[in-house]
Amino acid sequence: MSDYMFTLESHLTGEQYRVVTQVQKAAHEAGLSLYLTGGAMRDITGGFPVRDLDFTVEANPAKLIKSLLKTSGAEVVSEDEKTRSTELKFPGGVTVEIAMARIEKFAKSGAKPRVAAATIYEDLLCRDFTINAVALSLNKASLGLLIDPSNGMGDIERHELRTIHNYSFYDDPGRLLRLFRLKVRLGFNVDERTRSQVENATEAGMLEKISTESLGAELRNMAREAAPHDLIKVLEEEKLLELYSPALAAGKIDYATLMKLQKAHQLVPFGVDFEIKHLPLFLECLFEKLNAKDKAAAMKAAGITRGETGALEKLAPAAKKLDKALQSAKLQKASSLYELLVSTPGEHILHLAVFSGQRIVQDRIKHYFQKYLPMSLEVTDEMVAAAGAAPGTPKFKKLKHEMILKHLDARPKKVAPPPEPPPPPPPMSGFARGSAVRRS
């Protein structure tokens, strides 16, 4: 096993590594060249938590995706026919993107690119930043081979963000937003040449060429960031918030609320399957001080869909009902609180973590995240299978839930305290200690 394969295995969660193995096996059976790429490689080699797995295939990945849908229980989240890219969600909550290796050529700034199939090497050289242009071969003949045509690994080690070519922000001006989002998330610096490119692109009017589609995509990505307070602060300093609303640029941002949201994200244990729609909660916090007219204009600028708008409108009323339920005296047992919250949409729970003024509600949410969710992970699939349920069946799911509830309510066994040490012996007299007696 190469050093990079060891790094891969040691930095992924168990569920993520199982998915990598599944995709690798399916690609081999389909006769396709498969690579782990982009953000996943950046996070693995940089020591960051891996949120999503990105795979690139040197061919049309349709056959691979069809095989995974049939054998793994994965579901399609979204598809882009033009780029031959599909996002899948696997059982256990792991999300992956499988895309065709491609070249993108832009006829004009901000326009949709012309896409053509390419080699992995060509694909990497068409990406935005060097840290996102690293690939790891998952093919038998070259397993563990690192492909890094722009020295992205060096920039990861130096904690620097650097564009791959001089026209990166002219081809896709939306990368200006992405640059600062990654800067905040990773804690990297923008290298001097790239900073000059930002200034040149801004002076050339590239900000006005960012499409509604790109603004919406970046806003949805912002919503998933763990540090929304820090991110919005940087975007305000860089004068990028006015792309969404002049009102946001005029100081109508409640940073105290955004800090509460940032702390709420920190409550969620890493590695748990926590279902959440990030966008409505993020918009609720970001647009809190905007009037209805400014809010509608900002939503239009980002191309927020009717369904996303509806989710935002329903969020506060739904959270209010949960707020009342969490104050119930019936939730004394750990299993009762867990059963209520494990079936509740994550955005409702975090909404209360941000906005609820009830101490009991805040305490119960913290107990759920800090005690009961981690305890639920102690009931493993192997334990459930040993109890007589076949994995993947409704019986398995039901039995696991019952075992978790029982485990949460079980009183920890009292460990007998160690026996107290015997008291020290009393001091002895000088004669008894064998002292010499002076004789006259």
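In what follows, the structure referred to is the one given above.
About the thresholds
- Residues numbered from 1 in each chain as written.
- Predicted model: local features only at pLDDT ≥ 70, side-chain atom pairs only at ≥ 80, totals over all residues.
- Heavy atoms only, no water.
- Salt bridge = Lys/Arg side-chain N within 4 Å of Asp/Glu carboxyl O.
- Helix = DSSP H or I, 4+ residues; strand = E, 2+ residues; numbered from the N terminus.
- Buried < 20%, exposed > 50% of the residue type's maximum accessible area, 1.4 Å probe, protein only.
- Arc of directions from axis to C-beta.
- Contact = heavy atoms within 4.5 Å.
- Core = buried A, V, L, I, M, F, W, Y, C linked by side-chain atoms within 4.5 Å.
- Pairing = 2+ DSSP bridges.
- Axes fitted to C-alpha atoms, helices over the stretch in contact; angles between N-to-C directions.
- Phe/Tyr/Trp six-rings, centres within 6.5 Å; stacked < 30°, edge-to-face > 60°.

**Structural notes on the pattern of salt bridges**
Counting across every chain of the model gives 25 salt bridges. Of the charged contacts in the structure, one is a salt bridge between arginine 178 and aspartate 172, with a shortest N-O distance of 3.7 Å. Residue glutamate 225 pairs with arginine 185 through a salt bridge whose shortest N-O separation is 3.0 Å. Here glutamate 225 is found in the loop between helix 10 (212-223) and helix 11 (228-237), whereas its partner arginine 185 is found in helix 8 (residues 175-186), with 40 residues between them in sequence. Since its relative accessible area comes to 3%, glutamate 225 is described here as buried. Each of the salt bridges in this network shares a partner with another, and the network as a whole consists of Arg51, Asp128, Asp172, Arg175, Arg178, Arg181, Arg185, Glu218 and Glu225.

**Details of helix 17 (residues 334-342)**
All of the buried residues along helix 17 are Ala334, Ser335, Leu337, Tyr338 and Leu341. Buried residues in helix 17, looked at end-on, bunch into an arc of 160°, giving them a common side. Residues of helix 17 that are buried make contact with helix 16 (306-325), helix 18 (346-355), helix 19 (359-376) and helix 21 (394-409).

**Examining the nonpolar core**
Counting 115 residues, the largest nonpolar core has Leu36, Leu53, Phe55, Leu64 and Ile98 as its most contacted members. When neighbours within four sequence positions are excluded, leucine 36 is seen to be in contact with Leu8, Met41, Ile44, Leu53, Asp54, Phe55, Val134, Ala135, Leu136 and Leu138.

**Quick notes on the sheet that holds strand 4 (residues 85-89)**
Sheet strands pair via backbone hydrogen bonds, and the direction of the pair is either parallel or antiparallel. Strand order across the open sheet formed by 7 strands is 3-4-5-2-1-8-9, with mixed pairing between neighbours. A strand with exactly one partner marks an edge of an open sheet, and here the two such strands are strand 3 (75-80) and strand 9 (146-147). Sheet topology note: the strand 4/strand 5 (residues 95-100) ladder contains 5 bridges and is antiparallel. Within strand 5, the residue paired with threonine 86 across the bridge is isoleucine 98. Each of strand 1 (34-37), strand 8 (135-137) and strand 9 is contacted by helix 1 (residues 3-11), which is oriented at about 105° to strand 8, the strand it contacts most. Sheet strands in contact with helix 3 (residues 38-46) are strand 1, strand 2 (53-57), strand 8 and strand 9, and its direction is about 60° off that of strand 1.

**Some words on the side chain of threonine 37**
For threonine 37, the location among the structural elements is in strand 1. On the accessibility criterion, threonine 37 (1% relative accessible area) is buried. Discounting chain neighbours no more than four positions away, the residues touching threonine 37 are Asp54, Phe55, Thr56, Ile120, Arg127, Val134 and Ala135.

**Brief notes about the packing of aromatic side chains**
Evaluated as defined, the whole model comprises 6 aromatic pairs. Relative to phenylalanine 169, the ring of phenylalanine 129 lies with its centre 6.4 Å away and its plane at 55°, an arrangement referred to as tilted. Of the two residues, phenylalanine 129 is situated in the loop between helix 5 (120-125) and strand 8 and phenylalanine 169 in helix 7 (residues 168-171); the sequence distance between them amounts to 40 residues. On the basis of relative accessibility, which here comes to 1%, the residue phenylalanine 169 falls in the buried class. Arranged with centres 6.2 Å apart and planes meeting at 65°, the rings of tyrosine 167 and tyrosine 170 form a pair that is edge-to-face. Overall, tyrosine 170 belongs to the partly exposed group, its relative accessible area being 26%. By way of ring pairs, the aromatic residues Phe274, Tyr338, Tyr368 and Phe369 are connected into one cluster.

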